[in-house]
There are 2 protein chains.
Amino acid sequence: MSTTGKQIFTTLEADGTLTVEVAESTFPDPKPTQVLVRMEAAPINPSDLALLFGPADLENAQYSPGKIVAKMPEPFASGAKGRHGQRLPVGNEGAGTVIAAGDSEMAQALVGQRVACVPGNAFSQYAIAEAAMCLPLGDVSCEDGASAFVNPMTALGFAETARMEGQKAIVHLAAASNLGQMLNKICQEDGLELINIVRKQEQVDLLKGIGAKYVVNSSDDDFMHQLRSAIDETDAFFGFDPIGGGTMVDTVFKAMEQVAVSKMTDYNRYGSNQQKKMYIYGRLDLGPTILTPSYGFGFTLSGWLLTPFLANAGMETMVRMRKRVLDNLTTTFASSYKAKVSLEEMLTKEAATDYRAMHTGEKYLVTP
Amino acid sequence: MSTTGKQIFTTLEADGTLTVEVAESTFPDPKPTQVLVRMEAAPINPSDLALLFGPADLENAQYSPGKIVAKMPEPFASGAKGRHGQRLPVGNEGAGTVIAAGDSEMAQALVGQRVACVPGNAFSQYAIAEAAMCLPLGDVSCEDGASAFVNPMTALGFAETARMEGQKAIVHLAAASNLGQMLNKICQEDGLELINIVRKQEQVDLLKGIGAKYVVNSSDDDFMHQLRSAIDETDAFFGFDPIGGGTMVDTVFKAMEQVAVSKMTDYNRYGSNQQKKMYIYGRLDLGPTILTPSYGFGFTLSGWLLTPFLANAGMETMVRMRKRVLDNLTTTFASSYKAKVSLEEMLTKEAATDYRAMHTGEKYLVTP
């Protein structure tokens, strides 16, 4: 007996036509290790937006109830060749109630419970999810538990990565985001220093308000001076960037190198021996990353993604991280939302252009 | 009793005036662990050129016997603030005869011998060198031994790095250089696959002539196809680049990702899980490195330098590498030179503009 319900799909044709629509879908019975979840809340994360719309032209798109047809510009249309013609589900994470389960003990134990899950089609009335990845929410509501995975595990993953690499301080860009606020709380709890880089005074105030010690504003005239001072005080030669494109990573490397060089006594043609490392974990800016030859050869730029990180970290670390998230879901790992939308409301011009802008602190929650 | 002789110095003033000149210099008596070497041959490596001239305007410089006065353009003049006003010696490596030694047994044992050394002022008639870093040349001439350090140890360092990181194949850019030719011989001896990227047919022919299996020409219309095929056959997701600026590293990452994606069955918005790693070890192009968001988050770009590599690798590895160089100095690790110049000839317009162009296979040897 299969279940039917509404779900959002995104389809990119080879000619660049992107169709995002709400459609009826049939959900199979769960396999032994799976559960069927009636979805009640799902956040729209930047990583969902990349798949949902990418850089498609939403301003000049055609809108009809439950449907958007937009044009994907080049080179992105050709670049996403791997998805041409495929009708893809969307929505990394969400929360809901388990209404059916496969035969395994682990899956059966979840029946009737509220869980956070990562089904990959969370923008849907129903979803099949792996029982092993479900987090039983206990007393926590679905709305409070909807963002229990991506942001909390990513922010904790940064702290874990820092410790694994012997670092005691982190630089974080676009630091006033939900994730950035969590990272501040984690670093305060764990005794890690954190340099927050933001671009507005109100973001400085927000982060100072939750106890951030180092917040530097890239719009200030003395930004580089502020940044160098903070690096000098914390020895932060390691950081995370969700922007990707542009010159901000380059700017951070320069500031790190300038601090390192200021501590050298002799001139070295190769720059300092200080190793400097930045991870790009998002693509808020889809332009190219520009790296100038201004900081010698002691630099590393790498991508960072949650799934491969968890695979490398191992089950024990992951279980420990998940327990910490569950224990602190309404405090350290609480998310806030600007608006709640249904599946249909999610595809109106007003909503789509607003949440696609990804303004700091203006996340949407989908309640299917 | 100190020794006097001629030596080349490079001085950059804060206003961007660069003076490179031959001057009389006095060399102190060697300390216990040091030797005094009468220099007979020293190669002009790209790493020397960065300090000697950098991107100074040699075309419109003033030339007088044994002296060049040139203008350093911005942002390089300000960027090299650390050296403003300092009269710096030049010349990483060379070979000569030990004419005096400090009191230590190791230093004394070298008296009267021809040695390769890394004094940092090899463009000089005399140089003080650490005895521990000297390589006794035995029957090998100073000209054959002059390049025994930088290129051989760097090429061996690439193979060592590949093995340390579990890689069985290497991509190498600007691969027809002296160093690139050595790397071909090393990889053949060690059973590592090597993809050589060059930009001229004559460089393809040169490398094929020394047994290279994979040589791809970036000037060919089907370059990307050639590169993908070679990566597909070798599983080379790891490489070294001496160019630095521009888009070639980006191009290699793209080709690696396209090969990895072609082996995937499902579309993944984040690209492949294949880790791709490139090291920049030189700056033949001083422009910015451009990285496009075309290969997911499974990439790492890092700087590579010989000195920190050797420090990390440890004494045992270094001794093994040096023995291999010495045993094969006229075969695997042989260097060839386009021209020989004296210290004064090195500072003529004709010579300086020629060797500063760093054309593949056109290295100069200084015979002080």
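A quick note: this is a predicted structure, and the numbers were derived from the prediction, not measured. (Residues numbered from 1 in each chain as written. Chains lettered and ligands numbered in written order. Predicted model: local features only at pLDDT ≥ 70, side-chain atom pairs only at ≥ 80, totals over all residues. Heavy atoms only, no water.)

**A few points about the side chain of Thr10 of chain A**
Residues and elements named next belong to chain A. Within the fold, Thr10 resides in strand β1 (residues 3-12). Overall, the relative accessible area of 0% leaves Thr10 in the buried class. Side chain to side chain, Thr10 and Arg83 meet in a polar contact 2.9 Å long. In this structure Thr10 touches Leu18, Thr19, Val20, Leu51, Leu52, Arg83, Gln86, Arg87, Leu88 and Val90, once residues within four positions along its chain are discounted. (Helix = DSSP H or I, 4+ residues; strand = E, 2+ residues; numbered from the N terminus. Buried < 20%, exposed > 50% of the residue type's maximum accessible area, 1.4 Å probe, protein only. Polar contact = N/O pair within 3.5 Å; in protein donor to acceptor, adjacent residues only side chain to side chain. Contact = heavy atoms within 4.5 Å.)

**Some words on the relation of the copies chain B and chain A**
The operation relating chain B to chain A is a screw motion whose rotation component is 180°, with 0.1 Å of axial translation and a residual RMSD of 0.1 Å. In the structure described here, the two chain copies are related by an operation that fits a two-fold rotation axis. Same-surface contact between copies: 100% of interface residues of chain B are shared with the interface of chain A. (Least-squares fit on C-alpha atoms with pLDDT ≥ 70 in both.)

**Points about the domain arrangement of chain A**
All names here are of chain A. Its domain assignment divides chain A into domain 1 (3-147 + 335-366) and domain 2 (152-309). Each of domain 1 and domain 2 was reduced to a C-alpha centroid, and the two centroids are 31 Å apart. Counting residues at the interface gives 9 residues for domain 1 and 8 residues for domain 2. Both faces considered, domain 1 and domain 2 share a buried interface measuring about 670 Å² in area, 59% of it formed by carbon and sulfur atoms. Our enumeration of links across domain 1 and domain 2 arrives at 0 salt bridges. At the surface where domain 1 touches domain 2, the tally comes to 1 residue pair in polar contact (both at pLDDT 80 or more). Partitioning the side of domain 1 that touches domain 2 into residue classes produces 4 nonpolar, 4 polar and 1 charged. (Domains from an automatic or database assignment. Buried area = accessible area lost by both parts, 1.4 Å probe. Salt bridge = Lys/Arg side-chain N within 4 Å of Asp/Glu carboxyl O. Nonpolar A, V, L, I, M, F, W, Y, C, P; charged D, E, K, R; others polar.)

**Points about the environment of Leu347 of chain A**
All names here are of chain A. Within the secondary structure layout, Leu347 lies in the loop between α12 (343-346) and α13 (349-356). Residues Leu347 and Ile280, 67 residues apart in the sequence, show an inter-C-alpha distance of 29 Å. Residues in contact with Leu347, not counting those within four places in the same chain, are Ile8, Val20, Glu21, Val22, Tyr63, Gly66, Lys67 and Ile68.

**Some points on the interface of chain B and chain A**
Residue-level contacts link 34 residues of chain B with 35 residues of chain A. By the criterion of area lost to chain A, the three top residues of chain B are Tyr267, Arg269 and Phe297 of chain B, representing 26% of everything that side buries. Applying the counting criterion to the chain B and chain A interface returns 0 salt bridges. Run the count over chain B and chain A and you get 9 residue pairs in polar contact (both at pLDDT 80 or more). Of all the secondary structure elements, the ones that give two or more residues to the side of chain B that touches chain A are α1 (46-52), β17 (285-291) and β18 (299-303) of chain B. No other element matches β17 of chain B, which puts 6 residues into the side of chain B that touches chain A. Counted by class, the side of chain B that touches chain A contains 18 nonpolar, 12 polar and 4 charged residues. With 3 bridges joining them, strand β18 (residues 299-303) of chain A and β18 of chain B adopt antiparallel strand pairing. When the sheet's bridge partners are listed, Ser302 of chain A is paired in β18 of chain B with Thr300 of chain B. (Pairing = 2+ DSSP bridges.)

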